[in-house]
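The chain contents come next:
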Amino acid sequence: MKQLGNALSYSNVVATLALFLALGGGVVYAASTLGKNSVKSKNIAANAVKARNLAKSAVKTKSLAANSVTTAKIKKDAITSGKVKKSSLGRSDLAAGTLAGLQVAEVTAAAVPGLNVRQPGGTPIPLTGTPTFTPVAGKSYELLVELKGNPLDADGSGEGFCSAFVDLLVNGAPVNGAGISQDASGAPPFNNEPIGTSSAAVALQAAGQPQTLTALAFGNDGCSSATAASLRAVVIELG
């Protein structure tokens, strides 16, 4: 003990302390002066990087491996309609029957012309809306027509009566139609029909071929000039 005490002189203690600080300071200095990209994946312990260690928005799309995000990793209800690109989904992306009853074409006419005149070949009706659709193989299509108005018998209780009809054509061929009528001399309620409706299959054998709706009015002089009507026709995709 006396020899150890003699050995621990002031100079020895100071020298030892200086060496300790030098070694410790070197470690701290080295840790704080790591070069860019000097920490590699092999230097990081498994599961060492937690979510809290990542800066907000630090992980970009380019940082993800192809096909790395699977269905199991997506939170239920996390993907809403706002996150789906417009027009990115087609019929083939949806389960069969999802689009049953889809309206694929619609035309309207607020005022149908020619309801009180006899015009050979009919009077063309100006239509607004979406008159053209393209049938898809394996689907069925139905054309629905409604003509609504106020048919007025021109001769009142005379022998004549008012009868007006609208024909719907698909690519120039008559397919469906609807009519309105009034016979003032008849017994109610069947003497007045202000609404005419009908439905018919269309384009069952025309997959991939665009189909366009047009319309013709067939009136007669038995209808008063005050006779008026509006038209609406739609095509519904089924199956």
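All values derive from a computational prediction rather than experimental measurement. (Residues numbered from 1 in each chain as written. Predicted model: local features only at pLDDT ≥ 70, side-chain atom pairs only at ≥ 80, totals over all residues. Heavy atoms only, no water.)

Before going further, it helps to spend a moment on the packing of aromatic side chains. The full count for this structure, using the stated rule, is one aromatic pair. A centroid spacing of 5.4 Å and a plane angle of 35° characterise the contact between Phe 133 and Tyr 141, whose relative ring orientation is tilted. The buried category is assigned to Phe 133, whose relative accessible area is 4%. The exposure class of Tyr 141 is buried, given its relative accessible area of 3%. (Phe/Tyr/Trp six-rings, centres within 6.5 Å; stacked < 30°, edge-to-face > 60°. Buried < 20%, exposed > 50% of the residue type's maximum accessible area, 1.4 Å probe, protein only.)

Let us now look at the nonpolar core. If you look at the biggest cluster of nonpolar residues, it comprises 30 residues, and the most contacted ones within it are Val 112, Leu 143, Val 166, Leu 231 and Val 235. Within the residue set of this core, elements represented by two or more residues are strand 1 (102–109), strand 5 (140–149), strand 6 (162–170), strand 7 (173–182), strand 10 (211–218) and strand 11 (229–238). Considering each element in turn, this core owes the most residues, five residues, to strand 6. Among residues more than four places away in sequence, those in contact with Val 166 are Val 112, Ile 125, Leu 147, Asn 176, Gly 177, Ala 178, Ala 215, Leu 216, Ala 217 and Leu 231. (Core = buried A, V, L, I, M, F, W, Y, C linked by side-chain atoms within 4.5 Å. Helix = DSSP H or I, 4+ residues; strand = E, 2+ residues; numbered from the N terminus. Contact = heavy atoms within 4.5 Å.)

As a further point, take the state of the cysteines. A full pass over the atoms with the stated rule returns one disulfide. Each disulfide pairs two cysteine sulfurs, and for Cys 162 the partner residue is Cys 223, the sulfurs being separated by 1.9 Å. An S-S torsion of about 90° defines the bridge between Cys 162 and Cys 223 as right-handed. With Cys 162 in strand 6 and Cys 223 in the loop between strand 10 and strand 11, this residue pair connects regions lying 61 residues apart in the sequence. For the pair Cys 162 and Cys 223, one class covers both residues: buried. (Disulfide = S-S within 2.5 Å.)

It is worth spelling out the pairing of strand 5 at this point. For strand 5 and strand 11, the ladder comprises 10 bridges, and the chain directions are antiparallel. Considered in strand 11, the bridge of Glu 146 is made with Arg 232. Summarising the sheet, strand 5 and strand 9 (residues 195–201) pair through seven bridges and their orientation is antiparallel. When the bridges of strand 9 are listed, Glu 146 appears paired with Thr 197. (Pairing = 2+ DSSP bridges.)

This part covers the sheet that holds strand 9. Read from one edge to the other, the open sheet built from five strands follows the order 3-1-11-5-9, with strand pairing classed as antiparallel. Looking along the sheet, the strands with just one partner apiece sit at the ends: strand 3 (128–130) and strand 9. Taken pair by pair, the neighbouring strands of this sheet meet at an average axis angle of 15°, ignoring direction. (Axes fitted to C-alpha atoms, helices over the stretch in contact; angles between N-to-C directions.)

What follows is about the pattern of salt bridges. According to the stated counting rule, one finds two salt bridges in the structure shown. For Arg 232, the salt bridge goes to Glu 106, with nearest N and O atoms at 2.8 Å. Pair noted here: Arg 232 is in strand 11 and Glu 106 is in strand 1, with a separation of 126 residues, a long-range link. The partly exposed category is assigned to Arg 232, whose relative accessible area is 41%. A residue is classified by how much of its surface remains accessible, and Glu 106, at 26% relative accessible area, is partly exposed. A salt bridge links Arg 118 to Asp 221; the shortest N-O distance between them is 3.4 Å. Of the two residues, Arg 118 is situated in the loop between strand 1 and strand 2 (123–124) and Asp 221 in the loop between strand 10 and strand 11; the sequence distance between them amounts to 103 residues. One exposure class covers both Arg 118 and Asp 221, and it is exposed. (Salt bridge = Lys/Arg side-chain N within 4 Å of Asp/Glu carboxyl O.)

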